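Chain and residue survey
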Amino acid sequence: MQILVVDDETDVRDLFQQRFRREIRSGELSFNFAFSGEEALAYLRARPSEVLLILSDINMPGMSGLELLGHVKAEGHMPPTTMMMITAYGDDNSRQEALGLGATDFLTKPLDFAVLRQKLQELPAL
Amino acid sequence: MKTYFGWMVLVGSLLLAGLPARAQHPASRADSLQQRLATAPPDTSRVLLLTRLAYELAEVDPVASARHARQALQLAHELHYVRGECQAYIRLGVGLRNTGDFPAAQQLLLRGLRLAENLHDQSTIATVYNALGRLNSEQRKFRPALEYFFRAKSMAEKTGNRALLTRVTGNIGEAYAQLGTLDSATTYLHAGYRLDLEQHDEVSEAGDLRSLGDIAARQGHPQQARQYYLHSLQRAQTVTYMLAAVYLGLAELARTAGHPDSVLYYGRRALAAGQQHHYPANVLDASEYLSRAYAARRDSAAAFRYLALANATRDSLYSQAKTIQMQTLDFSERVRQQELADQQAQAAARQRQNLLLAALLCAVPALVLLWRYGRLQRRSNEQLRELNEAVTQQKQELQTQRDQLDASLTGLRAAQAQLVQSEKMASLGELTAGIAHEIQNPLNFVNNFSEVSAELVEELVEEQQRPARDAGLEAELLSDVRQNLVKIHQHGQRAAGIVRGMLEHSRTSTGERQPTNLNKLAEEYLRLAYQGLRAKDKTFNAELRTDFDPALPRVSVVATELGRVLLNLLNNAFYAVHKRQQQSEAGYAPLVTLQTRRVGAQVEIRVADNGTGMPAEVQAKIFQPFFTTKPTGEGTGLGLSLSYDIISQGHGGTLAVASQPGQGTEFVITLPA
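Residues numbered from 1 in each chain as written. Chains lettered and ligands numbered in written order. Predicted model: local features only at pLDDT ≥ 70, side-chain atom pairs only at ≥ 80, totals over all residues. Heavy atoms only, no water.

Heads up, the condition is: UniProt positions are given in the numbering used here, feature names are shortened, and annotations may be inferred rather than shown by experiment.
Named according to an unreviewed UniProt entry, chain B is histidine kinase originating from Hymenobacter cyanobacteriorum. Taken directly from UniProt, the Catalytic activity (unreviewed entry) text for chain B runs: "ATP + protein L-histidine = ADP + protein N-phospho-L-histidine."

Chain A goes by Response regulator in an unreviewed UniProt entry, where it is assigned to Hymenobacter cyanobacteriorum.

In structure tokens:
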């Protein structure tokens, strides 16, 4: 399964690659990384239908995670993709807004990787 | 009346005969006390010696007298010697009275009185009453003075204190003379004079002779008055306190006799005596007298000069500020303060005198005109008095206004300091939200990388125990762990840096400039400002564009101060783009740009936004304190004004603004590289 992780912190890449090293080694999961909403959108447009899951931070300079979500949902030519939003602000408003925009799940920082792994295994598309 | 007169002549001849026989005068008694003092150990007897010396010198050298009294007081304090303390208070009170510090004198005398009462020392209580009486007559309050004198007299009689009885009898006579009750005055002065001779009290003798002279003059016996004055003068060569009064008496005789030049001569002698021996009350009397004398001669310039001196002296004698100041200070502090206050009062008096002189000289032409038409000396005197009053009143008004202005200024300064602090706290509040977010990310990384490293090590151990070890995997795991340790360290440092920055921001700046990488500083505050705003309003976002000159030299700045300026400018930029964003303009993309570059010998930091912009009238005011376009409660109106001060005064740079309504705003900080 192709997963696109979007976060403005570049160290997220090393962290995900190590946390999911077994899944990556076995070929279960494949991660790609984008460091801004704009970069993520360009990546998605270049590779329609490859990515099945987007994990995006909300608070990023420039295009925010929610805007990215809006774009992804609006551009109908892309297949429906699962979107999980990650934010440091676990308030209810953000959650409602994200879910209203069509996000599948809403996670708060600090990310619990055990929980995330569980959620990924339970995804129907897997 | 006739009998009186004959008796007076008799006394006159008595005193002439008695003069050469008198050997013990206060100065010589003081000399022998000085000698004893030189060898006296610092015990209670030394305290008493000092107070005796102060007593002897009170009317001879008031400054030295006060000095000895202070020493006595200090030593008595140290020894917890209440009796000595009591005497010292009284001596110091008398000393200060003679040097013209009436409020302090009163306070000290009352303190001495309380101690004497506690000690049930009737003789000393009587002494304080006499001193308080003199304090009142110095201030021309003769009725209360008489009350004190009579109390002192009755106690002195009961306790058999003839030295005090001598003084107080003459004092009563003088007070009656001043009140114009000449019969009673004469009776007491003659009684006093007899006691003076009996007690060999030259101080009292000089005073009583002078008062007798005054009475003779008022009764129309100038020859007799002159004789009294001249005899008093002989005593007054050592009892300096009486010099001015005697000279003024002689001046008045000369005036009555129609010798105007002698009037001025004696008047000036009186003034010189008061000044030379530090008796401000005498200086006041003499300068007022001289002013009147010159006015009578229609010499306006000289009259004004002495009037100015009189006013300045009166101020230093009766200044209200002085009274309040003395009341609020406790004694040990006061000894020091007194000296300071005296110096300041002198300086202030000089300054006031100069100002007054200038003001008065401006008024001279008008008065010369007035006097040209004035026929009567009486009338010119009256005008002079009125002018004097007007000037005094005006001066009081000015003083009051100045005091009020001083008070408002102090209040304003306090308010300003408070506002500056609250502006600082407000920006700290903005920062805190940004910081909380900023600090969470590195902390998450520290936690995550350490957790995952533990897993990697676990896997490595497992791998080593397997029969077929994968050397490539082991190397990869090890390399990951090593890399993670570096990352943990980096993110730990990052968190520490943020905390340090926050502490620096809240701390009062030490104002120390240090060579600083402005690109790094700008980037740091850009993040803080942006995250701070995001924390407050989650719907907000903007594109941040940075354009940093990699060749920027390090610039010597106070990093926290410049950081505050950047934070302020960035907050305003975000505020402006956010406002424009809320106007739901089609195709609007909020953009904030931060640029650094070197321009010749200067370094520029530009903060630009494509927000709402400002009209010219707003631009003109933005650096003024308290000007804000934000709703009440959102801004202190001090941010830009403080920023301006920090850049221009703190760093010798400039802060400029360019703005177009509907286009955006750009602030340019220019600093010397």
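Structure shown, so let's carry the discussion forward.
1. Focus on the overall build of chain A
To keep it simple, the criterion reads: Helix and strand labels come from DSSP, where a helix needs a run of H or I of at least four residues and a strand needs a run of E of at least two; each type is numbered from the N terminus. Note on contacts: a residue pair qualifies if any of its non-hydrogen atoms lie within 4.5 Å across the two residues. A 1.4 Å probe and the Shrake-Rupley method give the accessible areas. Residues count as covered only by the protein chains that appear here.
Scanning chain A from terminus to terminus reveals 6 helices and 5 strands. Traced from its N-terminal end to its C-terminal end, chain A shows the element sequence β-α-α-β-α-β-α-β-α-β-α. Across chain A, the fraction of contacts at a sequence separation of at least 24, relative to all contacts at a separation of at least 6, is 67%. Here chain A has roughly 5,500 Å² of accessible surface; of this, 50% comes from carbon and sulfur atoms.

2. Things to note about the pattern of salt bridges
If charged atoms from side chains of opposite charge come close, those side chains can pair. All names here are of chain B. Rule in force here: Any Lys or Arg side-chain nitrogen found within 4 Å of a carboxyl oxygen on Asp or Glu counts as a salt bridge. The buried label goes to any residue with under 20% of its type's maximum accessible area, the exposed label to any with over 50%, and the partly exposed label to all in between, with areas taken from a 1.4 Å probe on protein chains only.
Inspection of every chain in the model, using the stated rule, returns 35 salt bridges over all chains. In this structure, the salt-bridge partner of Lys153 is Glu157, at a minimum N-O distance of 3.1 Å. A residue pair is termed a helical-turn pair when its members lie 3 or 4 positions apart in one helix, as Lys153 and Glu157 do in helix α8 (residues 142–159) at 4 residues. Classification of Glu157 as partly exposed rests on a relative accessible area of 43%.

3. Quick word on the environment of Leu209 of chain B
Residue and element names in this part refer to chain B. Tracing the chain through its elements places Leu209 in helix α11 (residues 202–218). Under the relative-accessibility criterion, Leu209 is labelled buried at 1%. Residues Leu209 and Leu230, spaced 21 residues apart in sequence, show a C-alpha to C-alpha distance of 9.0 Å.

4. So, the UniProt feature "repeat: TPR" (unreviewed entry) in chain B
As recorded in UniProt, the sites labelled "repeat: TPR" (unreviewed entry) are residues 126–159 of chain B. End C-alpha to end C-alpha, residues 126–159 of chain B measures 9 Å, and it is 91% helix and 0% strand.

5. Concerning the packing of helix α13 (residues 243–256) of chain B against helix α15 (residues 280–296) of chain B
All names here are of chain B. Heads up, the rule is: Between N-to-C directions, angles cover 0 to 180 degrees, with each direction set by a line fitted to C-alpha atoms, over the stretch in contact for helices. The labels follow the angle: roughly parallel below 35 degrees, roughly antiparallel above 145, roughly perpendicular from 65 to 115, and oblique for the rest. Here a crossing is called left-handed whenever its near helix is offset anticlockwise from the far helix by less than a right angle, and right-handed whenever the offset is clockwise. Polarity classes work like this: nonpolar for Ala, Val, Leu, Ile, Met, Phe, Trp, Tyr, Cys and Pro, charged for Asp, Glu, Lys and Arg, and polar for all others, with Gly in that last group.
Look at α13 against α15: their axes get within 10 Å of each other, and the N-to-C directions meet at 15°. In terms of orientation, α13 lies roughly parallel with respect to α15. Our pair here, α13 against α15, has a crossing hand that is left-handed. Here α13 contributes Ala244, Leu248, Ala251, Glu252 and Arg255 to the contact with α15, which in turn contributes Asn282, Asp285, Ala286 and Tyr289. Grouping the constituent residues of the contact of α13 with α15 by class yields 5 nonpolar, 1 polar and 3 charged.

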